[in-house]
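Next come the chains, spelled out residue by residue.
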Amino acid sequence: MRKTKLATAKFLAKSHFKADPGLREVYLLEPVNEHDPNEPIKLLEVVKGTLERGVEPIGFAADPGRGIDYPFWIVELSPKEYRGIREKTLHFGEYVWTVGKQLVAR
Amino acid sequence: MTATDADWARAYAKQALSDLRAREALIAANVEKCHRLHFLQMAAEKICKASLVKTHGHDQVRRTHACVQKQLPNIAREVFSKNKGTKTQNWQMNSIRRFAREIELVAPACDAADTREDNSEYPWLDAQGTVQTPCEYSFPDINDGDKMIVQLIRLIRSAAEDIVR
């Protein structure tokens, strides 16, 4: 049975904390549309030492063989960039996202 | 009018950025892994060529294919040092080196001295004598959902934009 997007996001966050020593915080970007499997999960990742390039989503394909049933986007920001976000809102082109639930390493 | 090395470097850098846009479009279209890897490899190769053209000139570089593994770590050091003095950490360099090698081997021209025939474009004969097709192959040596690809793509974009500017 397919996991929910929230469960998949939690799974992704855990694996990213293991893979990236610079990763400090992960947040789910909302809205999350659980009804459309083609709409990507969006994760905001705060990474120490990352290049500061603003809001720049990078896409990844679903990979059911690895437990990832949905495509996902990662928006990576430095801690300084993250502190500069106003009203917990991110803008990218036509998209407006709100910083939602924090996802933890364990 | 004679094309300069700077013209060539800018052209390679623009193409690297376009290759990355193509990768994003292909992910949105849910295409096979070989195509996603292909455009990542192409972008990496173009930015490495852009960087090499700047230092060695276009004539020395244009027929080079196997340049990613060697040049991408150099580009990383340069880009990170320009980014407000950020230094690359050992783990960052290690992941860049690891991906640079695997991505380079995705190109059909690079086969690690005949030990790796898998590539993103053309069918090949595997060790069991079976014809493998890129669009059906899993490319088990590269996880293209790996989080560290974010770092790699942001590095390529930063370097390319610096050259295009």
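Residues numbered from 1 in each chain as written. Chains lettered and ligands numbered in written order. Predicted model: local features only at pLDDT ≥ 70, side-chain atom pairs only at ≥ 80, totals over all residues.

## Here's the deal with the overall build of chain A
Then, number 1: What chain A contains, in helices and strands, is two helices and six strands.
Then, number 2: Ordered by position from the N terminus, the helices and strands of chain A form the series α-β-β-β-β-α-β-β.
Then, number 3: Referenced to the eigenvectors of the C-alpha coordinate spread, the extents of chain A come out at roughly 40 × 30 × 20 Å.
Then, number 4: By residue count, 35% of the 106 residues in chain A fall in the buried class. (Helix = DSSP H or I, 4+ residues; strand = E, 2+ residues; numbered from the N terminus. Buried ≥ 20, exposed ≤ 12 C-beta atoms within 10 Å, placed from the backbone.)

## With respect to the overall build of chain B
Then, number 1: For chain B, the count of helices and strands is six helices and two strands.
Then, number 2: In sequence order, the secondary structure elements of chain B are arranged as α-α-α-α-α-β-β-α.
Then, number 3: In summary, chain B has a C-alpha radius of gyration of 16 Å against a globular reference of 15 Å for 165 residues, a match within 12%.
Then, number 4: The principal-axis extents of the C-alpha atoms in chain B amount to approximately 50 × 40 × 35 Å.
Then, number 5: Looking at chain B as a whole, 41% of its 165 residues are labelled buried.
Then, number 6: For chain B, contacts bridging at least 24 residues in sequence account for 62% of all contacts bridging at least 6. (Rg over C-alpha atoms; globule rule 2.2 N^0.38 Å. Contact = placed C-beta atoms within 7 Å.)

## A look at unusual backbone geometry
Then, number 1: Here the residue pair E30 of chain A and P31 of chain A is connected by a cis peptide bond, since its omega of 10 degrees sits within 30 degrees of zero.
Then, number 2: Mapped onto the elements, P31 of chain A comes out in the loop between β1 (23-30) and β2 (41-47).
Then, number 3: Of note in this structure, K88 of chain A is not a glycine but carries a positive phi near 55 degrees.
Then, number 4: Mapping K88 of chain A onto the fold places it in the loop between α2 (79-83) and β5 (89-92).
Then, number 5: A positive phi is found at F139 of chain B, a non-glycine position, where the angle reads about 45 degrees.
Then, number 6: Summarising the element assignment, F139 of chain B is placed in the loop between β2 (131-132) and α6 (148-164).

## Description of the confidence of the model for chain B
Residue and element names in this part refer to chain B.
Then, number 1: When pLDDT is averaged along chain B, the result is 91, and 96% of the positions lie at 70 or above.
Then, number 2: No element of chain B has a lower mean pLDDT than helix α3 (residues 58-61), at 88, and none a higher one than helix α1 (residues 5-28), at 97.
Then, number 3: For this predicted complex, the interface score ipTM comes out at 0.93, alongside a pTM of 0.93. (pLDDT = per-residue confidence, 0-100.)

## Digging into the packing of helix α4 (residues 68-82) of chain B against α6 of chain B
All names here are of chain B.
Then, number 1: Where α4 contacts α6, the two axes come as close as 10 Å, and the packing angle between them is 70 degrees. Compared by their axis directions, α4 and α6 come out roughly perpendicular. Only L155, S158 and A159 of α6 make contact with α4, whose side of the interface consists of I75, A76 and V79.
Then, number 2: Among the residues forming the contact of α4 with α6, the class breakdown is five nonpolar, one polar and no charged. (Axes fitted to C-alpha atoms, helices over the stretch in contact; angles between N-to-C directions. Parallel < 35°, antiparallel > 145°, perpendicular 65-115°, else oblique. Nonpolar A, V, L, I, M, F, W, Y, C, P; charged D, E, K, R; others polar.)

## Here's the deal with the interface of chain A and chain B
Then, number 1: If you look at the interface, chain A gives 19 residues, while chain B gives 20 residues.
Then, number 2: Only α1 (5-19), β3 (58-60) and β4 (72-77) of chain A provide two or more residues apiece to the side of chain A that touches chain B.
Then, number 3: In the side of chain A that touches chain B, the residues fall into nine nonpolar, three polar and seven charged.

## Looking at the sheet that holds strand β6 (residues 95-103) of chain A
Sheet strands associate in pairs through backbone hydrogen bonding, adopting either a parallel or an antiparallel arrangement.
All names here are of chain A.
Then, number 1: Here we have six strands laid out as an open sheet, ordered β3-β4-β2-β1-β6-β5, and mixed in their pairing. In the strand order of this sheet, the two ends are held by β3 and β5, each with one partner. Recorded for the sheet is a direction-independent mean angle of 35 degrees between the axes of neighbouring strands.
Then, number 2: In the sheet, β5 pairs with β6 via four bridges, with the strands oriented antiparallel. Opposite F92, over in β6, you have Y95 as the bridge partner. (Pairing = 2+ DSSP bridges.)

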